[in-house]
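Structure assessment
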Amino acid sequence: MATYLDFEKSIKSIQEDIISARVRHNESEVASLKKKLDKEVEKIYKNLSDFQKLQLARHLDRPYALDYINLIMRDKYEIHGDRHFRDDAAIICYMGYIGDEKVVVIGEQKGRGTKNKMKRNFGMPHPEGYRKALRAAKLAEKFNLPLLMLIDTPGAYPGIGAEERNQSEAIARNLLELAELKTPTISVVIGEGGSGGALAIGVADRFAMMRYSIFSVISPEGCAAILWNDPKKVETATKALKITAEDLKDLGLIDDIIKEPLIGAHREKDAAAAAIKEYFLEEVAKLKEMSEEERMQKRFDKLTAPGAFKEAGQEEEKPSLLDSLNILKSSKSDKKAKKEEKKEIEEIEDKSEASSEATTEEESQSEKKED
């Protein structure tokens, strides 16, 4: 049974009327109601608030990673386990074909129904989940396969066990390794993109968001609780955080917005999956036209762009990847030189102290002889 949000009630009423007209075989009424439905969809979905987009991103009927994988992949098989601890069901990894392209797909899976949600940990990965994702990414690199990552999580799991197994290290390791991965990578936010839990599979050559997805450093509920200590301020927090695809595109933090159906992926799953497939294949083709060095340089430029600034009247100078590596090497050699200089100073001071002590001892002995 379909789930409808408060602002979708008029759409529900029209769709029920269409079903009733079809049962009566009244085709003229069906055609009329379809036109009415199209107008209502345009009226509602072209004027959504940020909070309503948040509701759509979390919609119970919205397709999850596994839904998209089943719709766009063929001849696929799943990759299990991180080879260290266990298999985390909140992260799913598949190898197979999208169109004629052999690929690896990594996704965060929330699950449907109580039993399945518990199995998937409500889409909140443990450290072993991120390590499994990294293992799959390394396989993609080894066989030079394009990598697609589907983000949909409220955040990384914050439990005691996850912290004991180094949750923060697992996320940080993924950020580093994915930034250096030598294969074309594309990441898409299909629902919720929650903080570091999303970033851990979000470092890529192309970063896109579905029309009604969100990406944030903290949930609006958490923000409202911290800033105002008032759960009623969730809508205000949602607007202030600028978490929608349009806001993030304007800020230059994402590359593209994938135009899922206007009525939402939760109503037209096949069309939404086709939009992801088309975007992925187009971008992979563009990335393959570049040399590895060019692609890595563009990725580096993109990852270092946020937060860059320049003084008034000065032209911005952006270091290249090679320059940055040279700066790093120079910094290391400077540190080594300073260490050696400090050691020399300490040796000179030690010699000076020893000489001073010897002089004092000689003076003392001469005084004793005179006495």
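Given the structure is predicted, the values throughout are model-derived calculations rather than measurements.

A look at the overall build of the protein
Secondary structure summary: the protein contains 15 helices and 8 strands in total. Considering the protein as a whole, with its 371 residues, one finds that 42% of them fall into the buried category. Relative to all contacts within the protein whose residues are 6 or more apart in sequence, the contacts with residues 24 or more apart total 72%. With an accessible surface of roughly 21,200 Å², the protein has 51% of that area assigned to carbon and sulfur atoms.

Let's talk about the packing of helix H4 (residues 65-72) against helix H13 (residues 269-289)
For the pair H4 and H13, interaxial distance at closest approach is 9 Å and the crossing angle is 75 degrees. In terms of orientation, H4 and H13 fall into the roughly perpendicular class. Residues Tyr68, Leu71 and Ile72 of H4 lie in contact with H13, whose contacting residues are Lys269, Asp270, Ala272, Ala273, Ile276 and Lys277. When its residues are assigned to classes, the contact of H4 with H13 shows 6 nonpolar, no polar and 3 charged.

Section: the nonpolar core
Counting residues in hydrophobic clusters, the biggest one holds 31 residues, and the most contacted among them are Ile106, Leu147 and Met209. Mapped onto this core, the elements with two or more residues apiece are strand E2 (91-98), strand E3 (101-108), helix H6 (127-142), strand E4 (147-153), helix H8 (167-179), strand E6 (206-210) and helix H12 (245-250). At 5 residues, the largest contribution of residues to this core is made by H6. Val103, Leu150, Val188 and Phe280 belong to the second largest nonpolar core, which has 29 residues in total.

Comments concerning helix H11 (residues 234-241)
Those residues of H11 that fall on the buried side of the exposure criterion are Val234, Ala237 and Thr238. Here the buried residues of H11 occupy an arc of 100 degrees about the axis, which is enough to place them on one side. Facing away from the buried side of H11, by more than 90 degrees, are the exposed residues Lys239 and Ala240. With its phi angle positive at about 55 degrees, Lys242 sits one or two positions after the end of H11.

Let's talk about H8
Look at H8: 19 Å from first C-alpha to last across 13 residues, which is about the 18 Å you get at 1.5 Å a residue. Among all positions in H8, only Gln167, Ala170, Ile171, Asn174, Glu177 and Leu178 are buried. Relative to the axis of H8, the buried residues are bounded by an arc of 135 degrees and lie together on one face. Structurally, H8 contributes buried residues whose contacts are with H6, E4, helix H7 (160-164), helix H9 (195-199) and helix H14 (292-304).

A few points about a nonpolar patch on the surface
On the surface, a nonpolar cluster with roughly 340 Å² of combined accessible area is contributed by Ile226, Leu227 and Trp228. Tracing the backbone through its elements, the reader meets Trp228 in the loop between helix H10 (220-227) and H11.

Structural notes on the packing of helix H1 (residues 9-23) against helix H2 (residues 27-45)
Packed helix pairs are characterised by how far apart their axes lie and by the angle those axes make with each other. Two elements in contact, H1 and H2, have axes whose closest approach is 10 Å; the angle formed by their N-to-C orientations is 165 degrees. One element, H1, and the other, H2, form an angle in the roughly antiparallel class. The two elements H1 and H2 meet at a crossing, and its hand is left-handed. Within the contact between the two elements, H1 uses Ser10, Ile11, Ile14, Gln15, Asp17, Ile18, Ala21 and Arg22 and H2 uses Glu29, Val30, Leu33, Lys34, Lys36, Leu37, Glu40, Val41, Ile44 and Tyr45. Its residues placed into classes, the contact of H1 with H2 shows 10 nonpolar, 2 polar and 6 charged.

Overview of the pairing of strand E5 (residues 185-194)
Every other side chain in a regular strand lies on the same face of the sheet, so the side chains alternate between the two faces. Of all 10 residues that make up E5, 10 are buried, and the element is covered over most of its length. As paired strands, E4 and E5 are joined by 6 bridges and run parallel to one another. Bridging from a neighbouring strand, Leu148 pairs with Ile186 of E5. When E5 meets E6, the two strands line up parallel, connected through 4 bridges. Counted as the bridge partner of Val188 is Ala208 from E6. Pairing analysis gives 3 bridges linking E5 to strand E7 (residues 214-216), with the strands arranged parallel. In the sheet register, Gly193 faces E7, and the bridge partner there is Phe215.

Notes on a negative patch on the surface
Together, Glu340, Glu341, Glu344, Glu346, Glu347, Glu349 and Asp350 give the surface a local cluster of negative charge. Along the chain, the position of Glu341 falls in helix H15 (residues 321-370). A relative accessible area of 48% means that Glu341 is categorised as partly exposed.

Re the pattern of salt bridges
Enumeration over the complete set of coordinates arrives at 27 salt bridges. With its nearest N and O atoms 2.7 Å apart, the salt bridge here joins Glu221 to Arg58. Of this pair, Glu221 sits in helix H10 while Arg58 sits in the loop between helix H3 (50-57) and H4, placing them 163 residues apart in sequence. Note on Glu221: relative accessible area 34%, which makes it partly exposed. For Arg58, a relative accessible area of 29% gives the class partly exposed. Note that Arg74 is salt-bridged to Asp100, the shortest N-O span being 3.8 Å. Of the two residues, Arg74 sits in strand E1 (residues 73-79) while Asp100 sits in the loop between E2 and E3, which places them 26 residues apart along the sequence.

Here is what the cut-offs are and how they apply
- Residues numbered from 1 in each chain as written.
- Predicted model: local features only at pLDDT ≥ 70, side-chain atom pairs only at ≥ 80, totals over all residues.
- Heavy atoms only, no water.
- Helix = DSSP H or I, 4+ residues; strand = E, 2+ residues; numbered from the N terminus.
- Buried < 20%, exposed > 50% of the residue type's maximum accessible area, 1.4 Å probe, protein only.
- Contact = heavy atoms within 4.5 Å.
- Areas by Shrake-Rupley, 256 points an atom, 1.4 Å probe, with all protein chains shown as cover.
- Axes fitted to C-alpha atoms, helices over the stretch in contact; angles between N-to-C directions.
- Parallel < 35°, antiparallel > 145°, perpendicular 65-115°, else oblique.
- Nonpolar A, V, L, I, M, F, W, Y, C, P; charged D, E, K, R; others polar.
- Core = buried A, V, L, I, M, F, W, Y, C linked by side-chain atoms within 4.5 Å.
- Arc of directions from axis to C-beta.
- Expected span 1.5 Å × (residues − 1).
- Patch = residues over 30% accessible without salt bridge, like charges linked within 9 Å, V, L, I, M, F, W, Y side chains within 5 Å.
- Salt bridge = Lys/Arg side-chain N within 4 Å of Asp/Glu carboxyl O.
- Left-handed = near helix turned anticlockwise from the far one by under 90°.
- Pairing = 2+ DSSP bridges.
- Lys, Arg positive; Asp, Glu negative; His and termini not counted.
- Charge placed at Lys NZ, Arg CZ, Asp CG, Glu CD.

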